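Here's the letter readout for the chains.
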Amino acid sequence: MTTLEIDRIRCDGHRLCAELLPELIRLDDWGYPILKERSLSPAVLMHARRAVDACPVLALRLKQAARV
Amino acid sequence: MRARGYALGCGVVSLLSEAECGVTATSRIMAYMAAQSARQCGPCVFGLAAIAEATSRLSARRAQANDLERIERWSAQLTGRGACRHPDGAVGLLRSALRVFDQEFAAHQHGLCLRQQARRAA
C-alpha cells in the first residue's frame, strides 16, 4: 500500500499539491495542506506522483508500506 | 488512553477560583502556547497565533462576528498537522475549554461575562 507523507517542516504552503491532487489534499486558512486520506488508490497514484514532483521544496513523498 | 482521547505529555494543574473567568484563563494559556511555538511549521505558527488572537478578543469581550466559530473550526484543523505535538497539546486544552466553558464562551462572543455578572450579583 502506498501512502502520501508530508514533511511539515519543509512545507512552506506553496499550494501546488492541493492544485494537483484535490482528491486527497485541501488547504487550511493559511494555505497549508490538510490530508483527507493517506492511502492512495491506483486511480490517483499518477496524480500523486505529479504532485510530489511539483512541490518546490520536496515536502511531499510517497511511501511504500513494507510487506510483512 | 488513546481510545478515550488522552495522550502522554507534560501537565500543569492550575486551580481557578470562583471569581476567575474560564475564557480569560484559556486565552492566557493559548497566548502562551502560541508564543512557545518552535516556528518550524505553518499550522503551528499561523494556526496557534490566530487562535490566541481570537481567544484574546473573546476574553476582552471584543470578539469579531465569527471568532467563536473560527476557533472551533481551527481547533479541529490543527490536530496531527504539526511537525511535532505542540499544536496537538494546545488544541487539546482549547477543545476541553470550549466544552467545559461553553456557556462562558457563548456569552463572551456576545460581549458578556458570566463571571463578572455573578460577581456583581453577589
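Predicted model only: the values in this text are computed from it and were never measured.

Caption draft 1: Quick peek at the overall build of chain B. Each helix and strand in chain B was counted, giving six helices and zero strands. When the helices and strands of chain B are placed in sequence order, the string is α-α-α-α-α-α. Taken over C-alpha atoms, the radius of gyration comes to 15 Å for chain B, in line with the 14 Å a tight globule of 122 residues would show. With the principal axes as the frame, chain B shows a C-alpha extent of 45 × 30 × 25 Å. Within chain B, the proportion of its 122 residues that are buried is 39%. Relative to all contacts within chain B whose residues are 6 or more apart in sequence, the contacts with residues 24 or more apart total 61%.

Caption draft 2: Quick peek at the packing of aromatic side chains. Tallied over the full model, the rule gives two aromatic pairs over all chains. Between Trp30 of chain A and Trp74 of chain B, the aromatic rings sit 5.3 Å apart at their centres with planes inclined by 45°, giving tilted as the arrangement. Within this pair, whereas Trp30 of chain A is found in the loop between strand E2 (25–27) and strand E3 (33–35), its partner Trp74 of chain B is found in helix H3 (residues 67–78), the two belonging to separate chains.

Caption draft 3: View of helix H4 (residues 86–100) of chain B. The end-to-end C-alpha distance of H4 of chain B, which contains 15 residues, comes to 22 Å, matching closely the 21 Å that a straight helix rising 1.5 Å per residue would cover. The inward-facing, buried residues of H4 of chain B contact helix H1 (22–35), helix H2 (42–59), H3 and helix H5 (102–109) of chain B.

Caption draft 4: How the structure looks around the environment of Ala90 of chain B. All names here are of chain B. Within the secondary structure layout, Ala90 lies in helix H4. Linking Ala90 and Asn66, residues 24 residues apart in sequence, is a C-alpha distance of 21 Å. If near-sequence neighbours (up to four positions away) are discounted, Ala90 is found in contact with Met30, Met33 and Leu48.

Caption draft 5: Representation of H2 of chain B within the structure. Residue and element names in this part refer to chain B. Over its 18 residues, H2 runs 25 Å from end to end, which matches the ideal 26 Å to within 8%, given 1.5 Å per residue. In terms of burial, H2 is a largely internal element, 13 of the 18 residues being buried. Remark: Arg61 follows H2 within two positions and exhibits a positive phi of approximately 60°.

Caption draft 6: Spotlight on the pairing of strand E1 (residues 2–6) of chain A. Residue and element names in this part refer to chain A. Summarising burial for E1: five of the five residues are buried, a large majority. The side-chain alternation of E1 yields two buried faces, one formed by Thr2, Leu4 and Ile6 and the other by Thr3 and Glu5. Sheet analysis places E1 next to strand E4 (residues 60–64), joined by five bridges and oriented antiparallel. For Ile6, the partnering residue across the bridge sits in E4 and is Leu60.

Caption draft 7: A look at the interface of chain B and chain A. Contact residues are listed per partner, giving 13 residues for chain B and nine residues for chain A. Around 1000 Å² of area is buried between chain B and chain A when both sides are counted, 58% of it from carbon and sulfur atoms. Considering only the side of chain B, the residues that lose the most area to chain A are Phe46, Gln77 and Arg81 of chain B, jointly responsible for 49% of the buried surface there. Of the charged contacts, one joins Arg73 of chain B and Asp29 of chain A as a salt bridge, the two residues approaching to 2.9 Å between their closest N and O atoms. Of the residues forming the side of chain B that touches chain A, the biggest block, five residues, is contributed by H2 of chain B. Across the side of chain B that touches chain A, the residue classes break down as six nonpolar, five polar and two charged.

Caption draft 8: Local environment of unusual backbone geometry. Residues and elements named next belong to chain A. Positive phi values are uncommon outside glycine, yet Arg15 reaches one of about 75°. Mapped onto the elements, Arg15 comes out in the loop between E1 and helix H1 (16–20). Positive phi is not limited to glycine here, since Leu58 has a value of about 55°. Note on placement: Leu58 falls in the loop between helix H2 (42–54) and E4.

Thresholds applied
Residues numbered from 1 in each chain as written. Chains lettered and ligands numbered in written order. Predicted model: local features only at pLDDT ≥ 70, side-chain atom pairs only at ≥ 80, totals over all residues. Heavy atoms only, no water. Helix = DSSP H or I, 4+ residues; strand = E, 2+ residues; numbered from the N terminus. Rg over C-alpha atoms; globule rule 2.2 N^0.38 Å. Buried < 20%, exposed > 50% of the residue type's maximum accessible area, 1.4 Å probe, protein only. Contact = heavy atoms within 4.5 Å. Phe/Tyr/Trp six-rings, centres within 6.5 Å; stacked < 30°, edge-to-face > 60°. Expected span 1.5 Å × (residues − 1). Pairing = 2+ DSSP bridges. Buried area = accessible area lost by both parts, 1.4 Å probe. Salt bridge = Lys/Arg side-chain N within 4 Å of Asp/Glu carboxyl O. Nonpolar A, V, L, I, M, F, W, Y, C, P; charged D, E, K, R; others polar.

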